[in-house]
Amino acid sequence: MTFWFFLLGIPLMALSFFAVVRPSLAAKALVAFPRNRTAAVVLCALGWLGTAYELDTIGIEVFDRFLKAFPFELWILAFVLTVLTCWWMPNLLPIRGLSAIFMLFPAEMFHVIRLEPTQWRLVLVVIAYICIIAGMFGMFYPWRIRQFFAWLAGKPSRILAAGAVVHAVGVLCFVLGCVL
């Protein structure tokens, strides 16, 4: 469980610290993110590779029958789908790639934390469900996420407030990772 607290806490602290210290630069980055080509390719690849990993390990016979017809089929499909997605769907692809990661990572985390005796595991569960809901929304309505980012970047006070809240969550996760 410590690993998951650190895995969530450290990036949250780093990104939010950037937002609090340099709000104008963070606002520019937030507005540019939905159309960033490098982020699109990296996040899309991570999303498809995560999907291939989940389908490879989930063990549902219906999927296995079609998606494991030959060795490494899922991984080949992930590569091909990454290329095709980047080629045919470049519009707002970074948001969709991030949304895919938000929907995928809790599957691995829940296996680890579900049997933990401490109630602090619920911090991770709440964060995971927020990410899952945000991921589903962002996958189907990426333009709304882009609009939200633009609204958030519209005033430095919004960036500072959001950065402070996210930083507090990141610090909580980091501290819990150190203590537990």
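Residues numbered from 1 in each chain as written. Predicted model: local features only at pLDDT ≥ 70, side-chain atom pairs only at ≥ 80, totals over all residues. Heavy atoms only, no water.

Bringing the packing of aromatic side chains into the picture now. Taken as a whole, this structure holds 10 aromatic pairs when the rule is applied. Between F148 and F149 the ring centres are 6.4 Å apart and the planes differ by 50°, which places this aromatic pair in the tilted class. Taken together, the ring pairs in this structure connect F33, F148, F149 and W151 into an aromatic cluster. (Phe/Tyr/Trp six-rings, centres within 6.5 Å; stacked < 30°, edge-to-face > 60°.)

A separate point is helix α8 (residues 142–153). Here α8 is 12 residues long and its end C-alpha atoms lie 16 Å apart, about the 16 Å a rise of 1.5 Å per residue gives. Of the positions making up α8, those classed as buried are P142, I145, F149, L152 and A153. For α8, the angular spread of the buried residues around the axis is 95°, confining them to a single face. Buried positions along α8 lie against α2 (23–32), α6 (93–113), α7 (121–140) and α9 (156–179). (Helix = DSSP H or I, 4+ residues; strand = E, 2+ residues; numbered from the N terminus. Expected span 1.5 Å × (residues − 1). Buried < 20%, exposed > 50% of the residue type's maximum accessible area, 1.4 Å probe, protein only. Arc of directions from axis to C-beta. Contact = heavy atoms within 4.5 Å.)

Turning our attention to the confidence of the model for the protein chain. Averaged over every residue, the pLDDT of the protein chain is 94; the share at 70 or more is 100%. Per-element confidence in the protein chain is highest for α8, whose mean pLDDT is 97, and lowest for helix α4 (residues 61–67), whose mean pLDDT is 81. (pLDDT = per-residue confidence, 0-100.)

So, about the pattern of salt bridges. Scanning the entire structure with this criterion turns up three salt bridges. With its nearest N and O atoms 2.9 Å apart, the salt bridge here joins E61 to R65. Residue E61 and its partner R65 are located together in helix α4, separated by four residues, close to a single helical turn. The shortest N-O distance in the salt bridge between K68 and D64 comes to 3.4 Å. Through salt bridges with shared partners, a single ionic network connects D56, D64 and K68. (Salt bridge = Lys/Arg side-chain N within 4 Å of Asp/Glu carboxyl O.)

Our next topic: a nonpolar patch on the surface. On the surface, a nonpolar cluster with roughly 880 Å² of combined accessible area is contributed by L49, Y53, F70, F72, W75, I76, F79, V80 and V83. Taken together, the elements giving at least two residues each to the nonpolar patch come down to α3 (37–58) and α5 (73–88). Examining the composition of the nonpolar patch, we find that five residues originate from one element, α5, more than from any other. Tracing the chain through its elements places F72 in the loop between α4 and α5. (Patch = residues over 30% accessible without salt bridge, like charges linked within 9 Å, V, L, I, M, F, W, Y side chains within 5 Å. Areas by Shrake-Rupley, 256 points an atom, 1.4 Å probe, with all protein chains shown as cover.)

Attention now moves to the packing of α6 against α7. Between α6 and α7, whose axes approach to 8 Å, the crossing angle comes to 150°. Considering the angle they form, α6 stands roughly antiparallel to α7. Classified by chirality, the crossing of α7 by α6 is left-handed. Along its contact with α6, which presents I95, R96, S99, A100, F102, M103, F105, P106, M109, F110 and I113, the element α7 presents R121, L124, V125, A128, Y129, C131, I132, A134, G135, M136, G138 and M139. (Axes fitted to C-alpha atoms, helices over the stretch in contact; angles between N-to-C directions. Parallel < 35°, antiparallel > 145°, perpendicular 65-115°, else oblique. Left-handed = near helix turned anticlockwise from the far one by under 90°.)

Further remarks concern the state of the cysteines. Applying the stated criterion across every chain yields a total of zero disulfides. No disulfide involves C173; its sulfur sits 9.8 Å from the nearest other cysteine sulfur, which is in C131. Overall, C173 belongs to the buried group, its relative accessible area being 0%. In this model C178 remains outside any disulfide bridge; the closest cysteine sulfur is found in C173, 11 Å from its own. On the accessibility criterion, C178 (49% relative accessible area) is partly exposed. (Disulfide = S-S within 2.5 Å.)

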